[in-house]
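# Descriptive structure summary
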Amino acid sequence: MDLLRKIFGLIWMITAVFLAILLPYLALGKFRAETVTQEDYVFWIIIITIFIPIIIGFMLFGFYAFNGNYNNRQVSKTKTN
Amino acid sequence: MPKIVENEVTDKKKLWGVITASSVGTLIEWYDFYIFGSLAAILSIQFFPQDNPTAAFLSTLATFAAGFIVRPFGALVFGRLGDILGRKYTFLLTLILMGGSTFAIGLIPGYATIGYWAPALVLILRLVQGLALGGEYGGAATYVAEHSPVNRRGFYTSFIQTTATLGLFLSIGVILLTRKLAGETNFIAEWGGWRIPFLLSFFLVGISVFIRLKMKESPLFSKIKAEGTISKNPLKESFGKKENLKMVLLALFGATAGQGVIWYTGQFYALTFMQKTMNIEFVQSNYIIALALLIGTPFIIFFGHWSDTVGRKGIMLTGMLLAIILYRPIYSQMLSLADLKNKTEIINQAGTQNIKVVLKHSNHSGNQTILKQYTDGTEYKETRTQKFTEQQKPASLEIKKAVTLSSGSFWYLVLLIAIQVIFVAMVYGPIAAFLVELFPTRIRYTSMSLPYHIGNGVFGGLTPFIAISLTSISGASPLDGLWYPIGIASMCLITGFLFINKNSYTTIED
């Protein structure tokens, strides 16, 4: 299971990089189209603004998973009250 | 059976008071948030005339920014306050902000009277609504969970989970009733009946504030306050410390993102799909959704309750798995129910179709209505509106299609959507308890609010837009829009299955 977690951590990191490139590429494609409307600009700018931090979070999640931070043996007690 | 560690846990009668106070307030917040969406067409006429580019720009901002940017931001702002000042006063504040802004929207004169001030003020108030909604849910879920015995947390918090659906019901009910009482013309006028659902919020929120004021602070928060262990900087502690940040990320990518897309697919995309792709008649499609929600919503409480016995993870992940496997077969069945190619048309005695032509040259337009009936009881109505230029040359052609299903197909469609609502119940019923248990009391409000609102507001809220975009790609089939919820739910299922691991973190009852 720990090996699977590591593999998926790597996959999520690669996916995050791919998405970080894909989103601005799609937005630019839309902005360059002849049929572009004002609504497209607002929509895509909001999408990129909100998704880039989420993608960074996804990459970080993959990084933690790859480093075994979610593995059984890495148990670290979160401070509870 | 985990022992009940919080001896301050409230007695049953008092606990139901806590649930009622929290649920009524959250329901009203959802009601306030939904009436804006449900009355979008009228608000657009009154505040955002589409032929004016600035007003149209503000309209787009109001639509997207309130859900996608401001909601998560509200989760941070009010989450922080809730972890410092307490749950009670924070979610009281969100309720007042939501009610106040909704009431104020009902008082703003239209664009025709005050020009750009109208869309600008509505935009600001809509953003306040988004901010308040971002702060409400985490507070209500935390407040109820912190009053509940550990072994019944799933059951008691599931009542908070039903409020989103009930808020939608209430908003549709109030709008339909007001419309009926006021009449169509009086309803859509500048100072017409459409304002009543907004103004009504003042009284609804007033009642809820009155009830909530009587409630005491959550026992767990009071305890850490008395001990002096309240977090001084919940944002830094939630997102700056790796041990907590990794759980926030797990909550988002292992649970709430998948839950968000399943929630929106079952309750909103299903309606969009019926109206836009299947061309089901407007009123009939709303009845179908309403009945499916009525059948499916009690299952939220059932699965919340069951999660106390069998665990949260198994139920949520099973809901995601079923959605991933069954979405395409379900939507394929839905599509076939309204596919006129599979039906036999009744030809009238003259051997021709029923065609009604009405020409309105005064408006530079002509209408043509085609009515068809089928042997299974299905009816089809197509209205073509041809607009003409001043020189009487054809300009735009608008075609409206409306399929009214037979009784048998109607109930089969209700069943297909109710199944989707049951998937929603599986992922949504236990999730409040799941999130609450993932984080310690001192940073719970902040830590659970953000992943919830990103999962629901962003991943879920985008479902209709992305799904429709996918189907509009050249060569795409009507079912291709489902790849978005299927893809996100699959990512979440894998993440949840592999990484939600009770051995790698401790929860409050451990």
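### Some details on the overall build of chain A
When you go through chain A residue by residue, the secondary structure sums to two helices and zero strands. Within chain A, buried positions represent 36% of all 81 residues. Long-range contacts, defined as pairs at least 24 residues apart, comprise 70% of the intrachain contacts of chain A with a sequence gap of at least 6. Surface exposure of chain A reaches about 4,900 Å², of which carbon and sulfur atoms provide 70%.

### Considering the domain arrangement of chain B
Residues and elements named next belong to chain B. According to the domain assignment, chain B consists of domain 1 (1-230), domain 2 (244-338 + 406-510) and domain 3 (345-404). Using C-alpha coordinates to define each centre, domain 2 is positioned 38 Å away from domain 3. Residue-level contacts link seven residues of domain 2 with seven residues of domain 3. Taking both partners together, domain 2 and domain 3 bury about 580 Å²; carbon and sulfur atoms supply 49% of that area. Contact with domain 3 buries area across many residues of domain 2, yet Asn-279, Glu-281 and Ser-406 alone supply 68% of it, more than any other trio. Linking domain 2 to domain 3 there are zero salt bridges. Applying the counting criterion to the domain 2 and domain 3 interface returns three residue pairs in polar contact (both at pLDDT 80 or more). Residues of the side of domain 2 that touches domain 3, tallied by class, amount to two nonpolar, four polar and one charged.

### As for the packing of helix H1 (residues 12-38) of chain B against helix H4 (residues 87-105) of chain B
Residue and element names in this part refer to chain B. At a minimum axis separation of 10 Å, H1 and H4 run at an interaxial angle of 30°. In this structure, H1 meets H4 at a crossing whose hand is left-handed. Residues Ser-22, Gly-25, Glu-29, Asp-32, Phe-33, Ile-35 and Phe-36 of H1 form the contact with H4, whose own contacting residues are Phe-91, Thr-94, Leu-95, Met-98, Gly-99, Thr-102 and Ile-105. Taken together, the residues of the contact of H1 with H4 sort by class into seven nonpolar, five polar and two charged.

### Details of the packing of aromatic side chains
Enumeration over the complete set of coordinates arrives at 43 aromatic pairs over all chains. Measuring from centroid to centroid gives 6.2 Å for Trp16(B) and Phe155(B), while their planes differ by 80°, and the two rings are edge-to-face. Separated by 139 residues along the polypeptide, Trp16(B) in helix H1 and Phe155(B) in helix H7 (residues 153-182) bring together distant segments of the chain. Geometrically, the ring pair formed by Trp263(B) and Tyr264(B) is tilted, given 5.3 Å between the ring centres and 55° between the ring planes. Taking relative accessible area as the criterion, Tyr264(B) reaches 12% and is therefore assigned buried. Three or more aromatic residues joined by ring pairs make a cluster, and in this case those are Trp30(B), Tyr34(B), Tyr137(B), Trp263(B), Tyr264(B), Phe268(B), Tyr428(B) and Tyr452(B). Above the ring of Phe66(A), the side-chain terminus of Lys6(A) is found at 4.6 Å from the ring centroid. The aromatic ring of Phe33(B) is capped on one face by Arg126(B), whose charged end is 4.2 Å from the ring centroid.

### Some thoughts on unusual backbone geometry
One non-glycine residue, Asn279(B), lies in positive phi territory at about 60°. Mapping Asn279(B) onto the fold places it in the loop between helix H12 (242-277) and helix H13 (282-296).

### Let's talk about helix H10 (residues 219-227) of chain B
Of the positions making up H10(B), those classed as buried are Pro219(B), Leu220(B), Phe221(B) and Ile224(B). One or two positions beyond H10(B), positive phi appears at Gly228(B), with a value near 75°.

### Re the nonpolar core
Judged by nonpolar contacts, the single largest core of 128 residues is most densely connected at Ile262(B), Met274(B), Tyr331(B), Met334(B), Leu413(B), Ile417(B) and Phe459(B). Element by element, the count of residues in this core is highest for H12(B), at 19 residues. Those residues in contact with Phe459(B) that lie beyond four places of it in its chain are Phe51(A), Ile54(A), Leu252(B), Phe253(B), Ala257(B), Val261(B), Ile454(B), Tyr484(B) and Ile488(B).

### Considerations on the environment of Arg71(B)
Residue and element names in this part refer to chain B. Among the structural elements, Arg-71 can be located in helix H3 (residues 53-84). Spatially, the C-alpha atoms of Arg-71 and Asp-376 are 46 Å apart, while their sequence positions differ by 305 residues. Residues in contact with Arg-71, not counting those within four places in the same chain, are Trp-30, Phe-33, Ala-66, Gly-130, Leu-133, Gly-134, Tyr-264, Tyr-452, His-453, Asn-456 and Gly-457.

### Looking at helix H14 (residues 298-310) of chain B
Residues and elements named next belong to chain B. Between its first and last C-alpha atoms H14 spans 19 Å; for 13 residues at 1.5 Å apiece the expected length is 18 Å, and the two agree. Residues of H14 that are buried: Ile-300, Phe-303, Gly-304, Ser-307 and Asp-308. End-on, the buried residues of H14 take up no more than an arc of 155°, which puts them together on one face. Packed against the buried residues of H14 are H7, H13, helix H15 (312-337) and helix H16 (407-428). Gly-311 sits one or two positions beyond H14 and adopts a positive phi of about 100°.

The rules behind the values
Residues numbered from 1 in each chain as written. Chains lettered and ligands numbered in written order. Predicted model: local features only at pLDDT ≥ 70, side-chain atom pairs only at ≥ 80, totals over all residues. Heavy atoms only, no water. Helix = DSSP H or I, 4+ residues; strand = E, 2+ residues; numbered from the N terminus. Buried < 20%, exposed > 50% of the residue type's maximum accessible area, 1.4 Å probe, protein only. Contact = heavy atoms within 4.5 Å. Areas by Shrake-Rupley, 256 points an atom, 1.4 Å probe, with all protein chains shown as cover. Domains from an automatic or database assignment. Buried area = accessible area lost by both parts, 1.4 Å probe. Salt bridge = Lys/Arg side-chain N within 4 Å of Asp/Glu carboxyl O. Polar contact = N/O pair within 3.5 Å; in protein donor to acceptor, adjacent residues only side chain to side chain. Nonpolar A, V, L, I, M, F, W, Y, C, P; charged D, E, K, R; others polar. Axes fitted to C-alpha atoms, helices over the stretch in contact; angles between N-to-C directions. Left-handed = near helix turned anticlockwise from the far one by under 90°. Phe/Tyr/Trp six-rings, centres within 6.5 Å; stacked < 30°, edge-to-face > 60°. Lys NZ or Arg CZ within 6 Å of the ring centre and 35° of its normal. Core = buried A, V, L, I, M, F, W, Y, C linked by side-chain atoms within 4.5 Å. Expected span 1.5 Å × (residues − 1). Arc of directions from axis to C-beta.

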